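Observations on the model geometry
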Amino acid sequence: MTGSTILDALTLQLGYNASLVAVGAALLGFAAGATGSFLYLGKRALVSDAISHATLPGVGLAFIVMVTLGGDGRALPGLLAGSALSAAAGLLCVTWLTTRTRLSEDAAIGAVLSVFFGLGIVFLTIIQAMTAGRQAGLESFLLGATAGMLRSEALTIAAGGALVLALTLLLRRPMTLASFDPDFATASGLPVRRIGLAMMGLALAITVVGLKIVGLIMIVAMLIIPPVAARFWTDRVGHVVLIAGVMGGVSGYTGAALSATAPDLPTGPIIVLVAFALFVLSLLFSPGRGVLAALVRHRRHQARVHVRQGLLALAQGQPIYEHLTLRLMRRRGLIRPDGVATEAGRAQAARALLDERRWQILRADPRHEAAAARYDGLTPLETLLTRDQIAELDRTLKPEAVT
Amino acid sequence: MIGAEFVPLSLPPLLIGVCAAIACALPGNFLLLRRQALIGDAISHVVLPGIVLAFLVTGAVSAWPMMLGAGFAAVLAVVLIETIRRVGRIEPGAAMGVVFTAMFAGGVLLLEQSDTSSVHLDVQHALYGSLESLIWLDGLGWASLLDPQALRGLPPELPRIALTLIFVSAFTALFWRPLKISTFDEGFARTLGLPTGLIGLALVIVAAIAAVAAFDAVGSIIVIAMFICPPAAARMMTNRLEAQIGWSVGFATLSAVLGYVLAGYGPLWLGYANAVSAAGMIATVSGLLLARAAGFGPCRTRAGAPVEG
């Protein structure tokens, strides 16, 4: 695989079918990222795992029915309809188990996904016997495969991707309200239950459309990873949805395009891994919640504490032994390399000591209880009190400061 | 069905299936009560990259390196989930979803990239195993069970899963009280001075060991089903943990036996020539048992919830 083939793939130069699939995957990825955000915000991300595994018996049964009726068992619309029906049945089972029995939602999800998947495997082995050695090709639904896809199948997927995206955009407002603040949504007269149902329906539609591209085991990644990654970048619901959509679209598009360049690059895993790479980047580099930002914040705080303690030591004429403190103060020009305070160092040290004394007085004074609670050994008092208040503090300070 | 061919063809897979089912159901009881039921799901997905990596490193399909690789991958996944959950402040379900899908995708990609066409290593095998192929050619009849020469020809999966079952049972019995207390009332357990974090981790590791050993014998579908369905069904039958464990062992055994028999002989009774997947059928039967328990179990509703007619 060379650079130019990758470029060809990303600019849709690898043939009509591959381009259709890439566009379909991008649309699907956008819809999945956006819908997944609502699921994630409602803490129901893993329900999609049950939905996706529950599609398998439907695929198998649809194949068997179509063959028994004398048709072509591999007709994609029939298989997708079957998968949608059985996924809906799985979803019903999860809801029934969680509302009518004592099982918690995660147990219900696990039970439904394993049992439906097991049943699906039973159907697959029946189909293997039916077709007697001929490959039914249903295994491609497990892991996804876009290689050798028919024109009609690629068209179905592109149209399906566009459809679910349109539905997501249509339902965006009510879904935001219902998943972010269900109580407020109920109070505003929104049919929260039905919106929840529509949300699940949308997740189901995305799963069904994505079956052929990503496969049923990994489609759940498209609903979970982009929203989790997007959550790092913002605290606003609308932005999470948009960013997750873009991330999902990018991973769908890149994954489908890259996998078209070589036969041993399966589409599903590439899409998932691109999404995962975006997640890792977000985890590390996002401002605010990212690991790097947290590290920088920690180091900055550490430096403030060390410099403050160093300045207080300077002001009181105590020696400083701590290496980090010495290094930090030298770098800021507060002390000379031999450890003696510079002009600036002495000035700042005096100010720090004065501030600390003022704090001491303030904390001993019950009238300043509210302000005293803000004491952390770092905040300068000038940022909390007015000039008059400080002047009053200083009056009690005076005799001591002179000595 | 108890013919001459029963001992060589059906006895070993039946025993392996039952052992695997019970070994998974035991820790499953505690995971279910701790609302960590999906750990089994996550573990069974991530063993794939583990065994593929082990295969790439050793260049052969041999059991021990692959189990080591799978165990390593399981532990790595647990650590990753925990890290992502803490560092990114992400809810556990989503963190789990991120990690296991990504690792599974990595495993599939590795598998497709490497030349494994010559050996029997594929995703389908990893998913639903091949319980039916674990036959005992030296077992000529019931008498062979006493013949040390013939016993040596048993499929190696059987002693492995039996050992795992003994280990899991021993763990459950030895740490019964700490496990029970920390599962039901973590705060109380901590005031007693029990290391609750360590107990939780040990439980997950034991679950991972059971999952990997069972996975080696029967594929990952049974693992997920047996972690959840028998304990969940048992939960509908009783309010006492001791009784719940008993019920879950019973349900697990019943699913394994009934599932195997239905898969192997059911199609023959219906007039078809080919058997269906035993792993899939065992999972299906466990689901049917759960459905019955959820519909009719005496303790199926939440405590305090009104019993509806």
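Residues numbered from 1 in each chain as written. Chains lettered and ligands numbered in written order. Predicted model: local features only at pLDDT ≥ 70, side-chain atom pairs only at ≥ 80, totals over all residues. Heavy atoms only, no water.

Turning our eyes to something else, we now look at the overall build of chain A. Looking only at helices and strands, chain A features 19 helices and zero strands. Its C-alpha atoms give chain A a radius of gyration of 31 Å, clearly above 22 Å, the size a compact globule of 403 residues would have. Reported as C-alpha extents along the three principal axes, the dimensions of chain A are approximately 105 × 55 × 35 Å. Within chain A, the fraction of its 403 residues that count as buried is 52%. Considering only intrachain contacts with a sequence separation of at least 6, the fraction spanning at least 24 residues in chain A is 68%. Counting only carbon and sulfur atoms, one obtains 63% of the accessible surface of chain A, whose full area is about 18,700 Å². (Helix = DSSP H or I, 4+ residues; strand = E, 2+ residues; numbered from the N terminus. Rg over C-alpha atoms; globule rule 2.2 N^0.38 Å. Buried < 20%, exposed > 50% of the residue type's maximum accessible area, 1.4 Å probe, protein only. Contact = heavy atoms within 4.5 Å. Areas by Shrake-Rupley, 256 points an atom, 1.4 Å probe, with all protein chains shown as cover.)

Another point: the overall build of chain B. A tally of helices and strands in chain B yields 13 helices and zero strands. Element order for chain B, N to C, with α for helix and β for strand: α-α-α-α-α-α-α-α-α-α-α-α-α. For a compact globule of 309 residues, the expected C-alpha radius of gyration is about 19 Å, and chain B comes in at 20 Å, within 12% of that figure. Summarising its shape, the C-alpha atoms of chain B cover approximately 60 × 50 × 35 Å along the three principal directions. Counting across all 309 residues of chain B, residues that qualify as buried make up 56%. Sequence separation of 24 or more characterises 71% of the internal contacts of chain B that already satisfy a separation of 6 or more. As displayed, chain B has an accessible area near 13,100 Å², and 68% of this comes from carbon and sulfur atoms.

With that settled, the discussion passes to the domain arrangement of chain A. Structurally, chain A comprises domain 1 (3-283) and domain 2 (292-402). A separation of 57 Å is found between the C-alpha centroids of domain 1 of chain A and domain 2 of chain A. (Domains from an automatic or database assignment.)

Right, let's get into a positive patch on the surface. Residue and element names in this part refer to chain A. On the surface, Arg299, Arg327, Arg330, Arg331 and Arg332 cluster together to form a positively charged patch. For the positive patch, the leading source of residues is helix α16 (residues 323-331), giving three residues. The partly exposed category is assigned to Arg332, whose relative accessible area is 49%. (Patch = residues over 30% accessible without salt bridge, like charges linked within 9 Å, V, L, I, M, F, W, Y side chains within 5 Å. Salt bridge = Lys/Arg side-chain N within 4 Å of Asp/Glu carboxyl O. Lys, Arg positive; Asp, Glu negative; His and termini not counted. Charge placed at Lys NZ, Arg CZ, Asp CG, Glu CD.)

Aromatic ring pairs are described here by two measures, namely the spacing of the ring centres and the angle between the planes. Taken as a whole and judged by the stated rule, the model has six aromatic pairs over all chains. One aromatic cluster in this structure is built from Phe232, Phe276 and Phe279 of chain A. Here the basic side chain of Arg363 of chain A rests over the ring of Tyr375 of chain A, its NZ or CZ set 4.0 Å away from the ring centre. The side chain of Arg160 of chain B reaches across the aromatic face of Trp64 of chain B, ending 5.6 Å from its centre. (Phe/Tyr/Trp six-rings, centres within 6.5 Å; stacked < 30°, edge-to-face > 60°. Lys NZ or Arg CZ within 6 Å of the ring centre and 35° of its normal.)

A separate point is the pattern of salt bridges. The full count for this structure, using the stated rule, is 15 salt bridges over all chains. Note that Glu105 of chain A and Arg44 of chain A form a salt bridge whose closest N and O atoms lie 2.7 Å from each other. Here Glu105 of chain A, found in helix α6 (residues 105-131), pairs with Arg44 of chain A, found in the loop between α2 (16-41) and α3 (47-53); they are 61 residues apart in sequence, far enough to count as distant. Note on Glu105 of chain A: relative accessible area 24%, which makes it partly exposed. For Glu82 of chain B, the salt bridge identified is with Arg86 of chain B, shortest N-O distance 3.1 Å. One end of the pair is Glu82 of chain B and the other is Arg86 of chain B, both in helix α3 (residues 63-87) and four residues apart, which spans about a single turn. Arg86 of chain B gets classed as exposed once you look at its relative accessible area, which sits at 58%. Among the charged side chains, a network of salt bridges with common partners joins Arg308, Asp355 and Glu356 of chain A.

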